[in-house]
Each structure stands twice: as structure tokens, then as C-alpha cells.
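Fold and contact review
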Amino acid sequence: MNILNYINGEMKAANNGSVLDNYNPATGNVYGNIANSDASDVADAYEAAALAFPSWSITPAEERFKILNAIAEGIDSLRDTLALAESNDQGKPLWLAKNEMIRAGQNFRFFATAAMQFASESHAMENKAINYTLRTPIGVVGCISPWNLPLYLFTWKIAPALAAGNCVVAKPSEFTPVTAAMLGEICSSAGLPNGVLNIVNGLGGSVGQAIVEHPKIKAISFTGGTVTGKHISSVAGPMFKKVSLELGGKNPNIIFADADMDKAIKTTVNSSFMNQGEICLCGSRVFVERSAYESVKSALVAEVLKMKVGDPLHAETRVGAIVSKPHYEKVLGYIELAKEEGATVLCGGGALHPEGFEGGYYIAPTILEGLPFDARCNMEEIFGPVITITPFDSVEEVLAMANATEYGLAATVWTQHLTRAHQLAAQLQMGIVWINCWLLRDLRTPFGGVKSSGVGREGGLEAMRFFTEVKNVCVAL
Ligand code: NDP
């Protein structure tokens, strides 16, 4: 499969004619290639977007609603094909990819409705004046997304940008470009005018960088690693671009002895190892109240040992392949580091080579015990199927450990004690706190992190506001 750029409604090779290999992480084999574009392709994409903007920005909300809904329907109707493509490209279990394709459609459906409901404010000054706020589309915006939830996160940015009336130059991760290219075709079939969405493939350092540096792309919505986010800020800041950054996490999962343990353990296994632990919201540091520590530990290990790791297309697989060889080596490197830091490996602890998939990138779900809370493996994002487990004796102690990292994306708290739950929710330095659940998402809620986990929020009105420019008009009475 050869992945081309989608510019002005057409599929095109990179201007320089060069391509990159695309790997299937389940086998380690090359199964296609992708356009290895550069700044000239980004310039073409910008030109197409700029040409489309005057008309798209004044397209009535009802019309945008209809087109975005038609895109959602296109995604729904190709759900199985998209899911298979995503699983082959990313390494995730097929059943999980199918769930994510549902969400990709929902993203478009949700923001189609937002286009119809979005409104601005008015502030009356008694007898003196009336102020009203105009919220207009920004222009051409850049959307850059990562490899872990490829279409799910790509659509989460593009849908609100389009709903708010912008035109988009977007870049999927070089590791997972396939479903983004399929989305281009879906958009054309759904009647999205040429140039409104443009997708440029290639490396972050060339295509991503060119989008961020482009003087006329006025806003950047980025999801990815904290180091890349810092770099993007340093480029976009002096150009006074609007920037939304959804970055890494090192999320605490706090289990009190009074928790509903069946639910806590079942959900913790999911929140630790879903998508091979490659979800920014995965809980990677499990803290358990000391009186329940040994029983929670044994139950978690027993559940994890039951999980089937291997062929992502097999219906019973719970943990598929790690996305790429470099990331696989990075995660294995962290497991070795944890051993050097004094961790005891309770289960997993290394690579797996399932029969028939010996060239793929598999890592056994790993639980580590005995690390100090400030060990590197407890402070740095590993982004793989690796968690640590640590006992605690008091609310103060667990709060200090939970807040100790540079990250502040999400936390989960398991307790029946309402007051404690609310107090912790207020004191945890995170953008999202789940009480007795995980990844329960309402698309209207603000989504994002504090500290090194990001700047700004996505979701609902926050996303619509990000993708609009605000002007106050004051009329004297
Ligand atoms: P990266 O930061 O490596 O890449 C993200 C995207 O940015 C990719 O498309 C990448 O391209 C591109 N990119 C790389 N360098 C540049 C550059 N100089 N300028 C512009 N774009 C660039 O992240 P990963 O893909 O490795 O994704 C994993 C990370 O994403 C994790 O840290 C995870 O926590 C975070 N994440 C955060 C979420 C959140 O909502 N907070 C959600 C999901 C993931 P290429 O792939 O071609 O290098």
C-alpha cells in the first residue's frame, strides 16, 4: 500500500518523489511506503487551504453540519476496513481498533452538532453600551497527531477545526499514516470541498516542522511527546501562534482499601495495558493502601498472566505489538533500567516472540515492585505495557507521590469514601481525575493536562474556542 498526500482533494506523491518504508509492527515486515514530503508539499497544502478558506469560512453552519455528518457516516460504513488497516499499521488488537473507529465517527458527529450549537456571548452595560463577542474562524490551521490512537486523535483535532470554519493542513504520524489517507478519500466522497482538508505525510522534523514554521498557518493543535511539544512551543511562540499541546503523562492510579476491588482490579488491568500501554491516559504508577497491598498485587499479577499477547488480528489477543522497533527498544530499555534501579519483576519483564510472529515487536505486560517513588522509572513516561506498584500509608503520602512527577495529565482514584475522593480530586495536580472509573469520556468535557502534560484543552466548547478568533464589539447606547 502506497500512501500519498491528500492536497486540494487529490492524492499526490511527494514533490521530491521520495518515500519512506511503512512497517507492520506485528511482523516487523515492510508492507508499503509513504510519501516522504518536505516543506514544498506543506507550501502546496497551505496554498490549497488558503484558496478554499474564503468560501468554507462562510459556508452556513447547516451545510458544515451536513458534510461533517456525511464524513462520520463514511467512517462508520468503512469501520471494519479502517479497523483492519489501523491494526496492521499500529499493532493494536483488531477488536480495539474497531472500538476506536466508532469513536472516530463520533468525533465528526459530535463536532457537526457543535457547528450548529456554537454561540458567542453578549455583555450588557446598563444604559451605557452593549458588548457582543464575534468568534470567527482563524484561517488555515495545522493539526499534528501521534501514532498511538491514529484516526481517533487525528479526527479529534480535524473535526472541530473544520466545524469552526477553518481549513486544515494536517500531518499524521509517519509510523501510522494509513487511516489518515483513507480519511482523505472519505472526506472527498462526503462532499468536503477541495482544499478544506489537506494531509501531508512524512517525518516530523521536516513536514511537522514546516507546518509549525509556516508564517501563515496561524494555529497549531499538537498531540505527542513532551519534548516535541517543547520544541513546537519554542518555534510557534515567537511567531505568536495559537498553540494547543496535548503531551505525555505518568498517571497515578490510587487504590484505597475500601475500594470496590473487583471493579478496581479489572479496570486497572485495562488502564495499565490497553493498547499495549500506549495511551497517554494509561495509569502507569499504581499506588495501593498498605492494608490491601498484598491482595491487590496478587490479583493484578494473576489477571495479567491470563492476558494473551500476540497476533493483533486474533480475537482473544489483549496485548498486541508495540508500534515500532525504536519504541520497542525504548520500552525494553526502561525495563532494564528498572532492574538496575532495584525493581522486582512480578510478571513480564522482557520481550516475547510469539510463534509465527517472531519478527514482531512484543513485550510481556510487566509489573514492577520495590522502586522508590522518585526512581526514573517512576518519574519518566515509558508509554508501554509496564507499570509500577507501590504501597502507601496515608492520603498525604500518596498525594505527594502522585504529584511528584513533571507530568499532570490524569489520575484515577478508587475509594468508597466520598469526602476523600473529592478532596483528592481537588488536590491532584492533573487535568483529569477519574473516581471509580477510567476513560469514561463525555466529549463535551475539557480534555488535557497541566505541568509538562500540555497547554490548553480539547473537547466540546474548548476545542471550538481554540479554533476561533475572538473579537469584542462595544456599541454605545
Ligand atoms: P512525537 O512527539 O514523537 O510525535 C507526535 C507528532 O509530531 C508526529 O506526527 C511526529 O511526526 C510529529 N513531530 C515530530 N517532530 C516534530 C517537529 N519538530 N515539528 C512538528 N511535528 C513533529 O510523539 P509520538 O508520536 O511518539 O506519540 C507519543 C506521545 O504522545 C506520548 O508522549 C504520549 O503521551 C503523547 N500523547 C498525548 C496525548 C494527550 O492527549 N495528552 C494523547 C496521545 C499521545 P513523526 O511521527 O513523523 O516523527
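Every chain's residues receive numbers from 1 upward, in the order its sequence appears when written. In keeping with the model being predicted, local features are shown solely for residues with a pLDDT of at least 70 and side-chain atom pairs are shown and tallied solely at 80 or more, while totals for entire chains, interfaces and linings include all residues. Side-chain figures throughout are based on the complete set of non-hydrogen atoms in the structure, without hydrogens or water.

1. Brief notes about the overall build of the protein chain
Which entries qualify depends on this criterion: Runs of E in the DSSP output that reach at least two residues are strands. Runs of H or I that reach at least four are helices, and both are numbered from the N terminus. Here the radius of gyration uses the C-alpha set of atoms, whereas the globule reference equals 2.2 Å times the residue count to the power 0.38. Between two residues, a contact is recorded if the distance between any of their heavy atoms is within 4.5 Å. All accessible-area figures derive from a Shrake-Rupley calculation using a 1.4 Å probe, and residue coverage is judged against the displayed protein chains alone. Positive charges are assigned to Lys and Arg, negative charges to Asp and Glu, while His and the chain termini are left out of the count. Every charge is mapped onto a representative atom, which is NZ of Lys, CZ of Arg, CG of Asp or CD of Glu.
Each helix and strand in the protein chain was counted, giving 15 helices and 27 strands. By the compact-globule yardstick of 23 Å for 477 residues, the protein chain fits well, its C-alpha radius of gyration being 23 Å. For the protein chain, the C-alpha atoms occupy an extent of roughly 65 × 65 × 40 Å along the three principal directions. In the protein chain, 74% of the contacts between residues at least 6 apart in sequence involve partners at least 24 apart. When the accessible surface of the protein chain is summed, it comes to about 18600 Å², and 56% of that surface belongs to carbon and sulfur atoms. With 37 positive and 47 negative side-chain charges, the protein chain shows a spacing of 5 Å between the two charge centroids.

2. What about the packing of aromatic side chains?
Inclusion rule: For Phe, Tyr and Trp, rings pair up if their centres lie within 6.5 Å, where Trp contributes its six-membered ring, and each pair is then called stacked (planes under 30 degrees apart), edge-to-face (over 60) or tilted (otherwise). Our definition puts a charge over a ring when NZ of Lys or CZ of Arg is within 6 Å of the ring centre and also within 35 degrees of the ring normal.
For the coordinates displayed, the defined rule picks out six aromatic pairs. What links up through ring pairs into an aromatic cluster is the set Phe110, Phe111 and Trp156. The cationic tip of Lys242 hangs over the ring face of Phe466; the distance from NZ or CZ to the ring centre is 5.3 Å. If you follow Arg420 out to its NZ or CZ, it ends over the ring of Phe256, 3.9 Å from the centre.

3. Quick look at the site of the ligand
The criterion, for reference: A molecule or strand has a residue near it when one of that residue's heavy atoms lies within 4 Å. Residues adjacent in sequence count toward polar contacts only when both atoms are side-chain atoms; beyond that, a polar contact is any pair of N or O atoms within 3.5 Å, and within protein one must be able to donate a hydrogen and the other to accept it. In this analysis a 1.4 Å probe is tested at points of a 1 Å grid over the protein atoms alone, and where it fits but cannot get out there is a cavity; an open set with protein on both sides within 12 Å along at least five of seven lines is a pocket; lining residues have an atom within 4 Å of a point. The rule for placing a molecule in a cavity or pocket is simple: more than half of its atoms must lie within 2 Å of the grid points.
Around the ligand, a shell composed of 31 residues is seen, among which Gly225, Thr228, Leu247, Cys280 and Glu381 lie nearest. One of the backbone N or O atoms of Ser145 is found 2.9 Å from an oxygen atom in the ligand. Contacts to the ligand include Lys171, whose side-chain N or O atom sits 3.0 Å from an oxygen atom. Spatially, the ligand is embedded in the largest pocket. Only α7 (204–213), β11 (219–223) and α8 (226–236) provide two or more residues apiece to the shell around the ligand.

4. Regarding the nonpolar core
Threshold: Take the buried Ala, Val, Leu, Ile, Met, Phe, Trp, Tyr and Cys residues and link them wherever side-chain atoms come within 4.5 Å; each set so joined is a nonpolar core. Three labels apply to residues, based on accessible area from a 1.4 Å probe with only protein chains included: buried if under 20% of the type maximum, exposed if over 50%, partly exposed otherwise in between.
Grouped together as the largest cluster of nonpolar side chains are 98 residues, with contacts concentrated most on Ile71, Phe108, Ile158, Leu183, Leu197 and Leu281. Not counting the four nearest positions on each side in its chain, Ile71 is found in contact with Phe108, Leu183, Ile186, Cys187 and Ala190. One finds Ala259, Val319, Ile367 and Ile387 within the second-largest nonpolar core, a separate group that totals 25 residues.

5. As for the sheet that holds strand β27 (residues 468–476)
As a reminder, the rule being used: At least two bridges found by DSSP between two strands is the condition for calling them paired. All axes are obtained by fitting lines to C-alpha atoms, using only the stretch in contact for helices, and the reported angles, taken between N-to-C directions, cover 0 to 180 degrees.
Pairing is antiparallel across the open sheet formed by three strands, whose spatial order is β6-β7-β27. Both outer strands of the open sheet, β6 (122–125) and β27, are each paired with one neighbouring strand and no more. Pairs of neighbouring strands in the sheet enclose a mean axial angle of 20°, with direction left out of account.

6. Comments concerning the pattern of salt bridges
Put simply, the rule reads: The term salt bridge refers to a side-chain nitrogen of Lys or Arg lying within 4 Å of a carboxyl oxygen of Asp or Glu.
Counted according to the given criterion, the structure contains 12 salt bridges. The partner of Lys92 in a salt bridge is Glu100, and the shortest N-O contact between them spans 2.9 Å. Residue Glu100 is classed as buried on the basis of its relative accessible area of 4%. Of the charged contacts in the structure, one is a salt bridge between Lys157 and Glu458, with a shortest N-O distance of 2.7 Å. Highlighted residues: Lys157 in helix α5 (residues 150–163) and Glu458 in the loop between β26 (454–455) and α15 (460–466), separated in sequence by 301 residues. A residue is classified by how much of its surface remains accessible, and Lys157, at 1% relative accessible area, is buried. You can call Glu458 buried: its relative accessible area is 5%. A single salt-bridge network, built from bridges that share partners, covers Glu294, Lys297 and Glu369.

7. Things to note about the sheet that holds strand β24 (residues 432–435)
The seven strands are arranged β17-β20-β21-β14-β13-β23-β24 in an open sheet whose pairing can be described as mixed. Each end of this open sheet is capped by a strand with a single partner; those strands are β17 (344–347) and β24. Neighbouring strand axes in the sheet, compared pairwise and without regard to direction, differ in orientation by 25° on average. By the bridge criterion, five bridges tie strand β14 (residues 283–289) to strand β21 (residues 386–392) in an arrangement that is parallel.

8. Describing the layout of surface pockets
How we decide: Grid points are joined across faces, edges and corners, and a volume is the space filled by probe spheres set on the points. Ten residue types, Ala, Val, Leu, Ile, Met, Phe, Trp, Tyr, Cys and Pro, are classed as nonpolar, four, Asp, Glu, Lys and Arg, as charged, and the remainder, Gly among them, as polar.
Its boundaries defined by the atoms lining it, the largest pocket holds a volume of some 910 Å³. Every residue lining the largest pocket is counted, 40 residues in all, and those nearest its centre are Trp147, Phe222, Gly224, Gly225 and Thr228. Residue contributions to the lining of the largest pocket peak at six residues, all from α8. When the residues that make up the lining of the largest pocket are grouped by side-chain class, the tally is 16 nonpolar, 16 polar and eight charged. Put simply, the second largest pocket is a space of about 400 Å³. As for the second largest pocket, its lining consists of 18 residues, of which Asn99, Glu100, Arg103, Tyr152 and Leu439 are closest to the centre.

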